[in-house]
Amino acid sequence: MRAVLGTVNRVLLALVGLVLIALGGSVLAVGYGVSPPRWWVHQGPHDVLLSDAERTRWRDAGWWWPVVIAALAVLLLLALWWLASVLRRRRPAEVLIDSGDGEGAVVRGRALEDALAEEAGRIDGVDRARARLTGRRDAPRTRLRLVLAPHVDPGTALDDLTTGPLARARGSAGLGSLPAEVRLRAVRHGAERVT
């Protein structure tokens, strides 16, 4: 789902960028004396975007300016929400560790992810493992994806994961808890022939 949202985000940004470049370039070209087509809103370097007649056309309608202001406010709030969601980090760059001396220490989030994935990959019957940290640096959570061999019992693999790599990661980072979301999937294999 995130890949789809990322693609939609990039496509929309590209479209908005192209429209803004085209509009800005056309206004700049008209300002330098290029004659625009008749239907274009900006006709010359001394032309204004809204004439007095267009600007005052709805002045007597009491609903016009509140609607314009409300629409612009909604657009502004949507733009700010989008900007905050784009700038927000979904993965902590570092994890705060309680070293016991009152100072604390930090470990890189990517290093903890790699160590957790490598240890989870060593569990018997796990073909591949991926780990990803989420949450805050002082309260991380993890998402694990395990690809299991066809003969492995998922319950046993999950027990081995929680008592092994997850417990060691929680203990070594000095965390009170390390919530984990684990997704299990079986490796694809061909049908076996029975004789």
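Residues numbered from 1 in each chain as written. Predicted model: local features only at pLDDT ≥ 70, side-chain atom pairs only at ≥ 80, totals over all residues. Heavy atoms only, no water.

Within the element layout of this structure, R143 appears in strand β4 (residues 140-148). On the basis of relative accessible area, R143 is assigned to the partly exposed category, the value being 34%. Sequence-wise, R143 and H42 are 101 residues apart; in three dimensions their C-alpha atoms are separated by 53 Å. (Helix = DSSP H or I, 4+ residues; strand = E, 2+ residues; numbered from the N terminus. Buried < 20%, exposed > 50% of the residue type's maximum accessible area, 1.4 Å probe, protein only.)

All right, on to helix α4 (residues 109-121) then. For α4, which comprises 13 residues, the first-to-last C-alpha distance of 18 Å matches the rise-based estimate of 18 Å (1.5 Å per residue) to within 8%. Listed in full, the buried residues belonging to α4 are G109, L112, E113, L116, A117 and A120. Projected down its long axis, α4 carries its buried residues within an arc of 130°, all on one side. Considering only its buried residues, α4 is in contact with β1 (94-97), β2 (105-108), β3 (126-135), β4, α5 (154-163) and α6 (165-172). (Expected span 1.5 Å × (residues − 1). Arc of directions from axis to C-beta. Contact = heavy atoms within 4.5 Å.)

With that out of the way, let us pick up the packing of aromatic side chains. Enumeration over the complete set of coordinates arrives at one aromatic pair. Between W63 and W64 the ring centres are 5.7 Å apart and the planes differ by 85°, which places this aromatic pair in the edge-to-face class. Residue W63 is classed as partly exposed on the basis of its relative accessible area, which comes to 45%. (Phe/Tyr/Trp six-rings, centres within 6.5 Å; stacked < 30°, edge-to-face > 60°.)

Turning next to the pairing of β1. Residues V95 and I97 point to one face of β1 and are all buried, whereas E94 and L96, pointing to the other face, are not buried. Bridging between β1 and β2 involves four bridges; their strand directions are antiparallel. Bridge pairing in β2 places L96 opposite V106. (Pairing = 2+ DSSP bridges.)

Distances and angles like these do not, on their own, reveal function.
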